[in-house]
Amino acid sequence: MKKSEFPDPFEKARESKGYGEMNDQDDPVTMLLRHKDVRKTAHNYKTFQSGAAPGRIVIPSEVNIRDTRQIPFEVDPPVHKEYRSIVEPWFKRPLEPEYQEKLAKQIANIIEEVLQEDSVEVVTGLALKLQSRALTLLLNTPFDESEKWISWGTHVFRSEGEALDGDKANILYDYIDAQIDRAAKSPTDDMYSVLLDSEFEGRKLTKEEVKGVMVLTFAGGRDTVINAVTNAIAYLAENPESLERLRKEPEITGKTVEEMIRYFSPLTQMGRVVTEDTFVCEHAAKADTRVSLCWASANRDAAVFENPNEIVMDRKINPHVGFGFSHHNCLGATHARQIMKILLQTLAEKIGSFEILDYEENIEDLHHFKRKVGFHSINMKFNPLTK
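As a starting point, this report considers the structure included with it.

Concerning the packing of helix H12 (residues 253–264) against helix H14 (residues 333–350)
Relative to each other, H12 and H14 sit at 120 degrees, their axes nearing to 9 Å. The angle between H12 and H14 places the two elements in the oblique class. Here H12 and H14 pass one another in a crossing that is right-handed. In contact with Thr253, Thr256, Val257, Glu258 and Met260 of H12, H14 contributes Arg337, Met340, Lys341, Leu344 and Gln345. Here the contact of H12 with H14 is built from residues that sort into 4 nonpolar, 3 polar and 3 charged.

A short note on the pattern of salt bridges
For the structure shown, the criterion picks out 27 salt bridges. In this structure, Asp24 engages Arg290 in a salt bridge whose closest nitrogen and oxygen atoms are separated by 2.8 Å. Remark: Arg290 occurs in strand E10 (residues 290–293) and Asp24 occurs in the loop between strand E1 (19–22) and strand E2 (29–32); sequence separation between them is 266 residues. Taking relative accessible area as the criterion, Asp24 reaches 5% and is therefore assigned buried. The buried category is assigned to Arg290, whose relative accessible area is 2%. Sharing partners across several salt bridges, the network here consists of Asp24, Asp27, Arg56, Asp288 and Arg290.

As for the nonpolar core
With 90 residues, the main nonpolar core has Leu126, Phe218, Val229, Phe354 and Phe382 as its most contacted residues. The element contributing the most residues to this core is helix H5 (residues 122–139), with 11 residues. Other than its neighbours up to four places away in sequence, Phe382 contacts Val114, Leu115, Val120, Val122, Leu126, Ile233, Ile351, Ser353 and Phe354. Residues Val38, Met270, Cys281 and Trp295 belong to the second largest nonpolar core, which totals 21 residues.

With respect to the packing of helix H10 (residues 223–238) against H14
Two elements in contact, H10 and H14, have axes separated by 11 Å at closest approach and are oriented at 25 degrees. As far as their axial angle goes, H14 and H10 are roughly parallel. When the axes of H10 and H14 are compared, the crossing they make is right-handed. Contact residues: Val225, Ala228, Val229, Ala232, Ile233 and Leu236 in H10; Ala336, Ile339, Met340, Leu343, Leu344 and Leu347 in H14. Residues belonging to the contact of H10 with H14 are distributed by class as follows: 12 nonpolar, no polar and no charged.

Details of the packing of aromatic side chains
Taken as a whole, this structure holds 11 aromatic pairs when the rule is applied. Linked through ring pairs, Trp149, Trp152, Tyr175 and Phe218 together constitute an aromatic cluster. One cation-aromatic arrangement involves Arg93 over Trp90; the distance from NZ or CZ to the ring centre is 4.1 Å. Over the face of the ring belonging to Phe305 we find Arg262, whose NZ or CZ atom lies 5.3 Å from the ring centre.

With respect to helix H2 (residues 35–43)
Two residues of an α-helix separated by three or four positions point the same way, owing to the 3.6 residues in each turn. Those residues of H2 that fall on the buried side of the exposure criterion are His35, Asp37, Val38, Thr41 and Ala42. Check the buried side of H2 and you find it contacts E2, strand E3 (48–49), E10 and helix H13 (295–298).

What counts, and at which threshold
Throughout this description, residue numbers start from 1 for each chain and increase along the sequence as written. In keeping with the model being predicted, local features are shown solely for residues with a pLDDT of at least 70 and side-chain atom pairs are shown and tallied solely at 80 or more, while totals for entire chains, interfaces and linings include all residues. Computation of side-chain values covers all heavy atoms of the structure but excludes hydrogens and water. In this description, a line fitted to the C-alpha atoms serves as the axis of each element, helices being fitted only across the stretch in contact, and the angle between N-to-C directions of two axes falls anywhere from 0 to 180 degrees. For the purposes of this entry, the term helix denotes a DSSP run of H or I that reaches at least four residues, the term strand denotes a run of E that reaches at least two, and both are numbered from the N terminus. Angle categories: roughly parallel below 35 degrees, roughly antiparallel above 145, roughly perpendicular from 65 to 115, and oblique for all the rest. Crossings are classed by handedness, with left-handed meaning an anticlockwise turn of the near helix from the far one by less than a right angle and right-handed meaning a clockwise turn. Working rule for contacts: check all heavy atoms of both residues, and any pair within 4.5 Å makes them a contact. Note on residue categories: nonpolar means Ala, Val, Leu, Ile, Met, Phe, Trp, Tyr, Cys or Pro, charged means Asp, Glu, Lys or Arg, and polar means any other residue, Gly included. Basic side-chain nitrogens of Lys or Arg form a salt bridge, by our definition, when they fall within 4 Å of a carboxyl oxygen of Asp or Glu. Summary of the burial criterion: residues with accessible area below 20% of their type's maximum are buried, those above 50% are exposed, and those between are partly exposed, where the area comes from a 1.4 Å probe applied to protein chains only. Joining through side-chain atoms within 4.5 Å is the link that ties buried Ala, Val, Leu, Ile, Met, Phe, Trp, Tyr and Cys residues into a set, and such a set is a nonpolar core. We call Phe, Tyr and Trp rings a pair once their centres come within 6.5 Å, taking the six-membered ring for Trp, and we label the pair stacked below 30 degrees between planes, edge-to-face above 60, and tilted otherwise. Both a distance and an angle decide whether a charge sits over a ring: NZ of Lys or CZ of Arg must be within 6 Å of the ring centre and within 35 degrees of the ring normal.

Shape is all these values report; function is a separate question.
If you want it as structure tokens, here you go:
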């Protein structure tokens, strides 16, 4: 098996019964595995709630390390729509040519940097840098702030050997609190200041509401983007014909991004809390229990995707749920798509080939399922394109 391949651990359970089960800190989860069930449940916010206790819909649950509600992620309609209307225009800025030009320059600089090295550890030496530097554009904050964020590592709530690290989470919370206080005293045109000046139901957003948006922004798009970037590079290293095709057919780059998000599914799942006794996949789900929308399984459902375990770069019909579905589809999807698209374009322009030197896979332990989500580390050599 190639190093960049992602096996589907959910296939047998998805086809036989449609669901799986896992225990998360003594708060069990029923995992929905079929594409149709995931989408149907994601859309039914009345029975399957996002606005439960802060942190409970995340898997692993974060109820023990935060009480700040992430907005609009942990709010249900109709209030969700009101919050989202405030922040969505800001998150659509990556569609602007000026934004894309700055992002392209950042990514080109990083690729030029790694081309000077004999080898680079892609997770921390490329993907983490790329994600953190790009975040300065999304937040409209000074570029130098990215160095602090890089020092936090690939996840803001996790550390080596600990799935959830309250002390590390407090570093993020304290940082955001300080930035909000700074923006309140001396507003600029950064995201903190814009949010503090925004109105919700006829009043200004509170500092706690602003913090909720910022925690989501920092946490939601960190390890997911890092995984997507790392996995894409590993794939192109082992499939040089795909890199060559991107050079010859740049018009398929957008479809390739969507296909990589489907195949790699950077976020395995997201939970919901059941509000009333019901059934999922003919399986009883009691009120106040949790179900998960398993994006990674839904994205490999052979009932929806032909050749689901292959990357089909120009896949014509691709209703993947890699960025979620329905009301709570990912706010940062536009930013992530631009990162991936410009990255693939830059690699096609500048890289002749890659060599994987050594690697350590990152495997999620989901009780009955073990899922590869990427790499803890992967050392590679980048070779320039010679024309």
